[in-house]
Amino acid sequence: MNLFDISMAAQPQAAALADILRQGVGRWVVAMVERAIRREESAVSVHGLANSPLLAQLLQRRRVELVHALSRALVARLDVERDEVSSSPGPVMSGSKLTLISESQIDAEIETARIVQLVESEAELPLLELAALSSRLQGCDRIDIATVPLGPLVCANALREAVHEVEADIAHRQALLRGLGTAMASQMREVYTELSQWLEQQGVEPMGYQVGAVDVVASVSSAARGSPMATVRTSGAEAPTPPADSMRELVAWAHRTQMVSEDASAALPELTLRVQPESLPGSAGPQLPRAAAEGLMQRLFEELRQQSSRSPSMARALQRLEQLAQRFAADVPQIWSDPEHVWWQLLDRLLAATALHDDLGTDDQRVLGHSLEELLQRLLASPKLDAQACLRAADKVQQLAAQLLERSASPGAEDVAALQRQADRGELELAFRNQIVQQLRSTPTSGLMRRFLLEPWTEVLVARALRHGATHEAVAEAALVVDDLIRATAQPGQKVSRAQRAVLLRQVEEGLADAELPRPRVDAELVELADLLRNPPTHPADLTEAWVEESVETLPVPALLDLHAGLPTVPLGGDLADGEPVQTPAQWVEALQPGALCRLFLQGIWMSARLKWVGPGQRLFLFQSRHGGRSHTLTQRMLCRLREAGLATTIEDNLLRAQAMESLVRHTVI
């Protein structure tokens, strides 16, 4: 297949590349679907896999619809891809709607991440080569995976959208996504290779790679493999270089250039400022003279001011903090060779607390501002400072900011109750489905009966448990109906007696009425069940369901859809020091406090979101993102699932300083 046999005329290279992609999408989508069908058919003939012919049949039946739907989705993304990459999130908007993230959405996020991993893993080298070329083509100052046309995340979201458009059955969607995801990975390797070859033929020179620290959330899977991909920036989940690395480069640059501060020394009075006990240098790097240390500190705060130019509260705090910073630099110049010096910890915590100021109401801003000003005055007025006392004071300010934020963001009682009811329903539904799946594995039944038990009858169990309590007699009676239905249809082709049918149908009708299902659906379910009891079909399941295996797992991980099976998780570095026990997802969630800044993979993208409120018993978590001013409410279990899949992590307090130091390195050292 050749995507590039189109006359270029005199079009600019970037525009021509986009045109080529639009005209070539249909051809490689056809090739991708054919590849998926061949793969499944080969799995039968070579490996004897029983499920593959059924998936191949499904792909054959849906091939035309899939090609059209996926082609449309990809072309649509080509039209908006540049805007999505280049646009920055807008300001947080007031009055955002409070909604609970659904279980199916979490499943979709995990499945999207799995497809991205497949594409990145299979097409890693061609993707890196294309990123170097497309970054040069778009005039970037460094290699950026986001410049790649039809990158892994764009393709994964398009595939998910197309499959959802074509197939309504959840189990069929899962199978299609798995089969097509693998084929897409192989196809994109070829597409990226041909795109790179075309750009090289047009005279585009690749950008050079720079060796840098691994960005653990730069992509969904690169850090898990420890690959070169992990050192390339992606705008989707970009994290700055660790401050310690930037500091080493800045110190080396200061020594090379013999930089001196023009006026920093003259601006400060002579004093003795010590932190007790004194910090020892944490690295073996060269020590800076006083003038160089002051000059670097001055430049650092210039970068911080530029980053925070839209926040008046941050500007005021930086003005006060710079006075203290210059005194540290003048009296303890070795702090630039000690990334663990208490000054950096103090600065990070105060900046993190100040960052919450603009998210508060007027009265709460006044309270937090007074607390920050009081602490800064005490620090500036003290000739000697106790290290632990400084950090404890900064912690108190952070705690105050978190409390004020949680109070201002706390939903109303009615909203909390509604969210809690949704969460309770989800937990009960999961628990009952787990129990039924366990029972079905030991006592097989037909696919039709399995659908009835896992869908409408699970709704009956949930409705009765919510109304009466999970241990109520009404719930136990509904559970016994499960046993009776399985036993009644245990012998395929053997009719259930009229008397037993009447009893079972009466119990089912009462249960469906308790679940408050629409009357037309109740009637349809009763008709289907009556036919099923008159002539129990053979089992295991029919062809359309035989390859669907419901999984059952221990709570709190959902079992029915099991979309994260075999998903390599992403190491989430920076949360624990080396040598400490690995933090479980539940422990990570338990440690979250209001005010924490997190990176979450939601709605098919990485987003920064502030945790603004934690519900009673840590069952609900309300995040506010800067993507359209949306609020995202997750249950504890959903947040654990995202964390387990490598799709949720905490942004450290040193983010602002890390960004400023990285920018300073880029503008001075490079």
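As the structure is a computational prediction, the values presented were derived from the model and not from experiment. Residue indices begin from 1 for each chain and proceed along its sequence in written order. In keeping with the model being predicted, local features are shown solely for residues with a pLDDT of at least 70 and side-chain atom pairs are shown and tallied solely at 80 or more, while totals for entire chains, interfaces and linings include all residues. Note: side-chain values were computed over all heavy atoms of the structure, leaving out hydrogens and water.

Re the overall build of the chain
- Numbered from the N terminus, helices here are DSSP runs of H or I no shorter than four residues, and strands are runs of E no shorter than two. If you tally the helices and strands in the chain, you get 24 helices and seven strands.
- Here the chain holds 670 residues, and the buried ones make up 50% of them.
- Pairs of residues are marked as contacts when any of their non-hydrogen atoms sit within 4.5 Å. Long-range pairs, those at least 24 residues apart, make up 76% of the contacts in the chain with a sequence separation of at least 6. Three labels apply to residues, based on accessible area from a 1.4 Å probe with only protein chains included: buried if under 20% of the type maximum, exposed if over 50%, partly exposed otherwise in between.

Considering the environment of Glu303
- Looking at the element boundaries, Glu303 is found in helix α10 (residues 290–307).
- As a C-alpha pair, Glu303 and Glu662 span 359 residues in sequence and 9.6 Å in three-dimensional space.

Here we look at the pattern of salt bridges
- Definition used for salt bridges: Asp or Glu carboxyl oxygen within 4 Å of a side-chain nitrogen of Lys or Arg. Under the counting rule described, the total for this entry stands at 33 salt bridges.
- Its salt-bridge partner being Glu65, residue Arg62 comes within 3.4 Å of it at the nearest N-O pair. Taken together, the residues span about one helical turn, with Arg62 and Glu65 both in helix α2 (residues 52–86) at a distance of three residues.
- The salt bridge partner of Asp484 is Arg487, with a shortest N-O separation of 2.6 Å. Within this pair, Asp484 and its partner Arg487 are both found in helix α18 (residues 473–488), separated by three residues, close to a single helical turn.
- We classify Arg487 as exposed; its relative accessible area is 57%.

Considering the packing of aromatic side chains
- Ring pairs are drawn from Phe, Tyr and Trp, using the six-membered ring of Trp, whenever the two centres fall within 6.5 Å, and their geometry is named by plane angle: stacked under 30 degrees, edge-to-face over 60, tilted for the rest. Considering all chains together, one arrives at five aromatic pairs under this definition.
- Ring geometry for Trp336 and Trp344: centres 5.1 Å apart, planes at 70 degrees, overall edge-to-face. Take Trp336 and Trp344: they sit in the same class, and that class is buried.
- Three or more aromatic residues link up through ring pairs in this structure, and these residues are Phe328, Trp336, Trp343 and Trp344.

Structural notes on the sheet that holds strand β6 (residues 631–635)
- Read across the sheet, five strands follow the order β6-β5-β4-β3-β7 without closing on themselves; strand pairing throughout is antiparallel. Looking at the sheet topology across the chains shown, the edges are occupied by β6 and β7 (648–651). The average angle at which neighbouring strand axes cross in this sheet is 40 degrees, direction not considered.
- Following DSSP output, two strands are said to pair if at least two bridges run between them. For strand β5 (residues 620–625) and β6, the ladder comprises five bridges, and the chain directions are antiparallel. Paired with Gln624 across the bridge in β6 is Ser631.
- Here an axis means a line fitted to C-alpha atoms, over the contact stretch when the element is a helix, while the angle between two N-to-C directions is reported on a 0 to 180 degree scale. Strands in contact with helix α14 (residues 387–409) are β4 (605–614) and β5; relative to β4, the strand with the most contacts, it is inclined by about 90 degrees.
- On top of the sheet, helix α23 (residues 636–644) reaches β3 (597–602), β5, β6 and β7; it is set at about 95 degrees to β6, its chief contact.

Focus on unusual backbone geometry
- In this structure, Leu150 is a non-glycine residue whose phi angle is positive, near 55 degrees.
- Leu150 gets classed as buried once you look at its relative accessible area, which sits at 0%.
- The phi dihedral of Gln618 falls on the positive side, at around 55 degrees, and the residue is not glycine.

Some thoughts on the packing of helix α15 (residues 413–442) against helix α16 (residues 447–454)
- It is the contact of α15 with α16, at a shortest axis distance of 10 Å, that shows an interaxial angle of 160 degrees. Taken together, α15 and α16 sit at an angle that is classed as roughly antiparallel. The handedness of the crossing between α15 and α16 comes out as right-handed. Where α15 approaches α16, its residues Arg433, Ile436, Val437 and Leu440 are matched on the opposing element by Arg450, Leu453 and Leu454.
- Under the scheme applied, nonpolar residues are Ala, Val, Leu, Ile, Met, Phe, Trp, Tyr, Cys and Pro; charged residues are Asp, Glu, Lys and Arg; polar residues are all the others, including Gly. When its residues are assigned to classes, the contact of α15 with α16 shows five nonpolar, no polar and two charged. Angles are sorted into four bins: roughly parallel if under 35 degrees, roughly antiparallel if over 145, roughly perpendicular if 65 to 115, and oblique for all others. Less than a right angle of anticlockwise turn of the near helix away from the far helix marks a crossing as left-handed, whereas a clockwise turn marks it as right-handed.

Concerning the pairing of β4
- Counted residue by residue, β4 has eight buried out of 10 residues, so it is predominantly covered.
- Note: β3 against β4, six bridges, orientation antiparallel. Counterpart to Arg599 in the pairing with β4 is Ser608.
- With antiparallel pairing between neighbouring strands as the criterion, β3 and β4 make up a hairpin whose turn holds two residues, including Gln603 at a positive phi of roughly 55 degrees.
- Pairing between β4 and β5: five bridges, direction antiparallel. When the sheet's bridge partners are listed, Ala609 is paired in β5 with Ser625.
- Where β4 hands over to β5, the hairpin turn is made up of five residues, of which Gly617 adopts a positive phi near 70 degrees.

A few points about the confidence of the model for the chain
- Residue-level confidence of the predictor is what pLDDT reports, using numbers from 0 through 100. Of the residues in the chain, 77% reach a pLDDT of 70 or more, and the chain-wide mean stands at 75.
- The model gives residues 260–284 a pLDDT under 50, and that stretch makes 54 contacts with residues more than four places away or in other chains.
- Long-range and interchain partners of residues 541–578, a stretch whose pLDDT sits below 50, account for 109 contacts in this model, where long-range means more than four residues apart.

Quick look at the nonpolar core
- Residues Leu150, Leu180 and Tyr192 are the most contacted members of the largest nonpolar core, which totals 58 residues.
- Only α1 (13–47), α2, α3 (103–122), α4 (124–137), α5 (152–166) and α6 (170–201) provide two or more residues apiece to this core.
- Of the residues forming this core, the biggest block, 13 residues, is contributed by α6.
- Excluding its chain neighbours within four sequence positions, the residues that come into contact with Leu180 are Met32, Val33, Ala36, Leu59, Leu66, Leu159 and Val163.
- Throughout this description, the term nonpolar core refers to a set of buried Ala, Val, Leu, Ile, Met, Phe, Trp, Tyr and Cys residues connected via side-chain atoms within 4.5 Å. Phe301, Ala329, Trp343 and Leu368 belong to the second largest nonpolar core, which has 53 residues in total.

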